[in-house]
Amino acid sequence: SARASGEKAKSYVPSMGQIFLRRFQLVTQFRQSLEDGQVSVHYQPKVALPRREVLGVEALVRWVHPEFGRLAPDEFVPAVEAAGLVDVLTDFVLDKALARIRKWLDQGLRIGVAVNLSVRSLNNEHFPDQVQASLERYGVPAELLTLELGESVVMADPARALPVLRALHTLGVVLAVDDFGTGYSSLAYLRQLPVDEVKIDKSFVFGMGSDLGDLAVVRSIVELGHSLGLVVVAEGVEEDAARDQLAEMGCDVAQGYLISRPLSEERLEAWLQARTTR
Ligand code: C2E
Ligand code: CA
Ligand code: CA
Ligand code: CA
């Protein structure tokens, strides 16, 4: 029957032992993979609404493993975090991001880059000094760097995260709360944090065309975000209708496959060129 063959197709699902072994391999190989050039950073454009000027890009890590092929960050980032290696990842991505901003500045372009942070970076009291030193090394103004923090990242240990967030904010770095709406924090709670931007989780953006509940969530995040003086970003914008609806609501920034998929540095350059010379 179809059901039996469906089950057969699923027999490739790895066993717990295989998953464990693979995770173990990934974390032991991670440092070396950075040196070997297996890990790179792709960039996904963010545009202002309604006119769609490019404001910046989000840095998203990519790992092409010699044995496993393309690995999704959702697979290896948690493993790297659990192994206590996430500072190595953050340093790598931050360095690439700042080098990229520097190249644009040298071409007369002001394009910001957003880097995703792990909860562990906020537990590291030296992190703000490290960020400052990197900004100085590249001569990049702090406001061109955005740091994105998962909602759960901020909620995990607010008392510990707060001094680090304040220090980063004092540097002038833009702080964004990512995946907003999926966790337990409220916008009222956000008021107590030194954040500048809120990113509506893509699950609500996907659903807003067909689900009135999702639409209501998006609308209320836009309205309350603005009442708190935050820039509101929607991720996961895949359709014209969603973009138009977001623009109508006054959402400030859109990101998603409709605008562009995450691109290699080379392809991003071509994408930017094509847009500005059109
Ligand atoms: P995120 O920060 O929420 O990033 C957005 C994810 O949504 C990215 O997946 C992006 O490719 C995807 N995306 C963007 N637009 C669309 C769209 O229109 N439709 C759909 N279906 N998806 C879209 P990606 O690159 O696989 O990254 C997954 C997660 O891995 C990220 O979620 C982030 O939490 C984490 N991550 C990625 N790079 C880094 C990094 O350098 N450091 C850390 N700590 N985490 C990272
Ligand atoms: Ca993000
Ligand atoms: Ca997100
Ligand atoms: Ca996410």
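Everything that follows concerns the structure shown earlier in this document.
The rules we used
- Residues numbered from 1 in each chain as written.
- Chains lettered and ligands numbered in written order.
- Predicted model: local features only at pLDDT ≥ 70, side-chain atom pairs only at ≥ 80, totals over all residues.
- Heavy atoms only, no water.
- Donors = N, O, S within 2.8 Å, 3.2 Å for Na, K, Ca; no water.
- Near = heavy atom within 4 Å.
- Polar contact = N/O pair within 3.5 Å; in protein donor to acceptor, adjacent residues only side chain to side chain.
- Areas by Shrake-Rupley, 256 points an atom, 1.4 Å probe, with all protein chains shown as cover.
- 1 Å grid on protein atoms, 1.4 Å probe; cavity = no way out; pocket = protein on both sides within 12 Å on 5 of 7 lines; lining within 4 Å.
- Sits in = over half its atoms within 2 Å of the grid points.
- Helix = DSSP H or I, 4+ residues; strand = E, 2+ residues; numbered from the N terminus.
- Nonpolar A, V, L, I, M, F, W, Y, C, P; charged D, E, K, R; others polar.
- Points joined across faces, edges and corners; volume = space filled by probe spheres on them.
- Patch = residues over 30% accessible without salt bridge, like charges linked within 9 Å, V, L, I, M, F, W, Y side chains within 5 Å.
- Salt bridge = Lys/Arg side-chain N within 4 Å of Asp/Glu carboxyl O.
- Buried < 20%, exposed > 50% of the residue type's maximum accessible area, 1.4 Å probe, protein only.

Caption draft 1: Here's a closer look at the coordination of the calcium ion (ligand 3). The protein atoms that coordinate the calcium ion (ligand 3) are Asp 178 (OD), Asp 179 (OD), Glu 235 (OE) and Glu 235 (OE), at distances of 2.2 to 2.5 Å. Binding-site remark: the calcium ion (ligand 3) is held by donors from one chain whose sequence spacing is D-D-x55-E.

Caption draft 2: Broad picture of the site of ligand 1. Neighbouring residues of ligand 1: 22 residues in total, closest Arg 62, Asn 116, Asp 178, Glu 238 and Tyr 257. Between an oxygen atom of ligand 1 and a side-chain N or O atom of Asp 179, the distance comes to 3.2 Å. Between ligand 1 and Tyr 257 there is a distance of 2.8 Å, counted from an oxygen atom to a backbone nitrogen or oxygen. When isolated, ligand 1 has an accessible area of 800 Å², and the protein chains bury 86% of it. A molecule is said to occupy a pocket when more than half its atoms come within 2 Å of that pocket's grid points, and by this definition ligand 1 occupies the largest pocket. Looking at the shell around ligand 1, the elements that each hand over two or more residues are β2 (54–65), α3 (73–82), α4 (86–106), β6 (174–180) and α10 (202–207). When residues of the shell around ligand 1 are assigned to their parent elements, the largest contribution, four residues, is made by β2. Considering only residue class, the shell around ligand 1 consists of ten nonpolar, four polar and eight charged.

Caption draft 3: The arrangement of the coordination of the calcium ion (ligand 4) in detail. Around the calcium ion (ligand 4), the protein supplies Asp 179 (OD) and Asp 179 (OD) as donor atoms, at distances of 2.9 to 3.2 Å. Separating the calcium ion (ligand 4) from the calcium ion (ligand 3) is a distance of 3.9 Å, and Asp 179 supplies a donor atom to each of them. Structurally, Asp 179 is set in strand β6.

Caption draft 4: Local environment of the layout of surface pockets. What the largest pocket holds in volume is close to 1,200 Å³. As for the largest pocket, its lining consists of 40 residues, and the residues nearest its centre are Glu 58, Leu 60, Asp 74, Asn 116 and Asp 178. Put simply, the second largest pocket is a space of about 250 Å³. If you go around the second largest pocket, you meet 15 residues; those closest to its centre are Lys 46, Leu 55, Gly 56, Thr 146 and Glu 197. Among the secondary structure elements, those contributing two or more residues to the lining of the second largest pocket are β2, β4 (112–117) and β8 (231–234). The residue makeup of the lining of the second largest pocket, split by class, is nine nonpolar, three polar and three charged.

Caption draft 5: Representation of a nonpolar patch on the surface. On the surface, a cluster of nonpolar side chains totalling about 360 Å² of accessible area is made up of Phe 20, Leu 21 and Phe 24. Structurally, the position occupied by Phe 20 is in helix α2 (residues 16–35).

Caption draft 6: How the structure looks around unusual backbone geometry. Backbone torsion omega between Leu 49 and Pro 50 reads 5°, so that peptide bond is classified as cis. Position of Pro 50 among the secondary structure elements: in the loop between β1 (39–48) and β2. Look at Arg 52: it is not a glycine, yet its phi comes out positive at around 70°. Note on placement: Arg 52 falls in the loop between β1 and β2. Judged by relative accessible area, Arg 52 falls into the partly exposed class, the value being 37%.

Caption draft 7: How the structure looks around the pattern of salt bridges. Evaluated as defined, the whole model comprises 14 salt bridges. Note that Glu 75 is salt-bridged to Arg 22, the shortest N-O span being 2.9 Å. A residue pair is termed long-range when its members are at least 10 positions apart, and Glu 75 in helix α3 and Arg 22 in helix α2 qualify at 53 residues. Across the pair Lys 199 and Glu 148 runs a salt bridge, and its minimum N-O distance is 2.9 Å. Of the two residues, Lys 199 is situated in strand β7 (residues 197–200) and Glu 148 in strand β5 (residues 145–150); the sequence distance between them amounts to 51 residues. Each member of the pair, Lys 199 together with Glu 148, is buried.

Interpretation in functional terms is not warranted from these geometric data alone.
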